[in-house]
Each structure stands twice: as C-alpha cells, then as structure tokens.
Amino acid sequence: MQTELLREDQSRSPIASQEERLRPERSRTDCPILLSPRLVLRAPHEDDIDALAHLANNANIATMVSRMPHPYTVADAADFVRRAKTGAIGKCVYAITKADNGAFLGCCGVEPHADGRTAELGYWLGEPHWNSGYATEAAQALTDMAFRTRGIDQIDARCRVMNLASRRVIQKCGFQFQGSGMVDSMALGGSIAVEWYRLDRKTWMSLRSWGGQR
C-alpha cells in the first residue's frame, strides 16, 4: 500500500528549487509529532535504519513508488535518515511507528509545491503491515496536519494504476480522481502509469471527522 510520492530524490525534478528553500534549520519546526489511535508519526532517526532497510528492500514496494532504489541497502537507509534529519530532503518526512511498542512500519511525507497552494502526500508501508488499516490511519493524520498547520488549499496524491490497495487508501481519505499520467520509476528504470487524486480544503472540512471514510 504505497503511493508514488515519497520522492527522496526530488532534487532531479522542478520542485528542487522549493526543496532548496526548505533549509535544515526549518526541517522539523513545521512537522510536529502526530498521534493517531494506533500510530505515532515522528521524524526518522538512526534507530530506524535496520528496520527501514529490511522493509524497504522489497521489490513489491520499490516498484510501486517512484524514487526508491532496489535493492535497498543499509547504506541507503542511513543516507535517507541523515538527509531527513538535516532537511536535505526538503519536506516533512515521518517514520510510521506503532503507538504500543514503537515498531517501525514505514514512512510517509507531505511536500509543498512551488505554487504555495498545493502539497503532495506520499507513504509506504512494509509488506508485513499491509491490510491492517495503518496506511489509511497515517494518511489521515498527515492530511489533517497539512490542512491545519499550512496555508494550503489542496493536497495531491498519486498511485500506480495497478496499485488497488493504495487507490483505496487515497479514496478513503476523500481524494477525488483528477487524471492519469506517467512518472519515472527508479527501481524499474523506466516510466510507470499513475493516477492522480486531489483533496481540497472544503472537502476535507466536510470529512475531517473521517467517520464516513473508514
């Protein structure tokens, strides 16, 4: 259950200039720890490296997101944590962890677009944690934070056309289909077809209890 959006390598895209403006000293000040009934979303740290490498080194995940290499090594995980900590990735990146025992489940993030009105949501979960509702719970918490703490009007999300589980998560969060297109896949070394969804502030406000979306 993953979207196309956790693009830790986004420096190769037109959003690079926006990333560069998100300086390290600002990297976490706008990214509070998020709590949900079963999860804690917090900054990635060094203790996550082994679990991150273990879960991310999975072709079933890497081929569903745009900017995850495969194989995914401990060195890749350490570099990801380092860049998230310093703000080099340039967005709010969270480790998804279980509230009861702190277990690392995956990552999620929200990235501002250059227009200042739009952000982009992304997430991935380790395969052992699929089909448990964690992706929806994390996406809802991150969406709520983005609308409540940032002056944005809308949030975008994308998923591979073939990723039915991720599409269902996006739809549960109230996102509406906008269109389709192609993005580059690091793991596959080519382009993949994706669907584009959007949630605007007005719709979010009508759904913010999330009661009707579960």
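Residues numbered from 1 in each chain as written. Predicted model: local features only at pLDDT ≥ 70, side-chain atom pairs only at ≥ 80, totals over all residues. Heavy atoms only, no water.

The protein is annotated in an unreviewed UniProt entry as GCN5 family acetyltransferase from Pararhizobium antarcticum. The Sequence similarities (unreviewed entry) comment attached to the protein in UniProt states, word for word, "Belongs to the acetyltransferase family. RimJ subfamily." (UniProt positions renumbered as here; feature names shortened; annotations may be inferred.)

Trainee: Before we move on, could you go through the pairing of strand β2 (residues 39–42) and cite the residues and values that matter?
Mentor: Two faces, one strand: in a regular strand the side chains alternate between the faces of the sheet. Residues L39 and L41 point to one face of β2 and V40 and R42 to the other, with burial holding for every one of them. Across two bridges, strand β1 (residues 34–35) lies against β2 in antiparallel orientation. In the sheet register, L35 faces β2, and the bridge partner there is V40. Hairpin connection from β1 to β2: three residues lie between these consecutive antiparallel strands. Here β2 pairs with strand β3 (residues 92–98) via four bridges, running antiparallel. Of the residues in β3, the one forming a bridge with L39 is K98. (Buried < 20%, exposed > 50% of the residue type's maximum accessible area, 1.4 Å probe, protein only. Helix = DSSP H or I, 4+ residues; strand = E, 2+ residues; numbered from the N terminus. Pairing = 2+ DSSP bridges.)

Trainee: Could you give me a rundown of the state of the cysteines, with the residues and numbers involved?
Mentor: Across all of its chains, the model carries one disulfide by this definition. Each sulfur of the disulfide joining C31 and C92 lies 1.7 Å from the other. The sign of the -85 degrees torsion about the S-S bond sets the C31-C92 disulfide as left-handed. Here C31, found in the loop between α1 (16–21) and β1, pairs with C92, found in strand β3; they are 61 residues apart in sequence, far enough to count as distant. On the basis of relative accessible area, C31 is assigned to the buried category, the value being 7%. (Disulfide = S-S within 2.5 Å.)

Trainee: Give me the packing of aromatic side chains: which residues, what numbers.
Mentor: Going through the model one piece at a time under the given rule, you end up with three aromatic pairs. Ring centres of F147 and W204 lie 5.0 Å apart, and the angle between their planes is 25 degrees; this geometry places the pair in the stacked category. One end of the pair, F147, is in helix α5 (residues 134–149); the other, W204, is in helix α7 (residues 201–207), and 57 residues separate them in sequence. (Phe/Tyr/Trp six-rings, centres within 6.5 Å; stacked < 30°, edge-to-face > 60°.)

Trainee: Would you mind going over the environment of H54 in detail, with residue names and values included?
Mentor: Relative to the helices and strands, H54 resides in helix α2 (residues 49–56). A relative accessible area of 63% places H54 in the exposed class. It is 8.1 Å that separates the C-alpha atoms of H54 and T73, two residues lying 19 residues apart in sequence.

Trainee: Can you tell me about the pattern of salt bridges, naming the residues and giving the values?
Mentor: Counted according to the given criterion, the structure contains ten salt bridges. Each of D79, R82 and R83 takes part in one network of salt bridges that share partners. (Salt bridge = Lys/Arg side-chain N within 4 Å of Asp/Glu carboxyl O.)

Trainee: Help me get a handle on the nonpolar core, residues and values and all.
Mentor: L41, L52, Y94, W124 and F175 are the most contacted members of the largest nonpolar core, which has 55 residues in total. Looking at this core, the element that brings in the most residues is α5, giving nine residues. Other than its neighbours up to four places away in sequence, F175 contacts L121, T143, I155, D156, A157, I170, Y197, R198 and L199. (Core = buried A, V, L, I, M, F, W, Y, C linked by side-chain atoms within 4.5 Å. Contact = heavy atoms within 4.5 Å.)

Trainee: Summarise the sheet that holds strand β7 (residues 176–185); cite the residues concerned and give the values.
Mentor: Strand order in this open sheet of eight strands is β1-β2-β3-β4-β5-β6-β8-β7, and the pairing throughout is mixed. Strands at the two margins of the open sheet, each flanked by one partner only, are β1 and β7. Strand direction decides the pairing type here: β3 and strand β4 (residues 104–112), joined by six bridges, are antiparallel. For T97, the partnering residue across the bridge sits in β4 and is F104. Across the sheet, α5 is in contact with β1, β2, β3, β4, β5 (118–125), β6 (154–160) and β8 (190–200); its angle to β5 comes to roughly 155 degrees. (Axes fitted to C-alpha atoms, helices over the stretch in contact; angles between N-to-C directions.)

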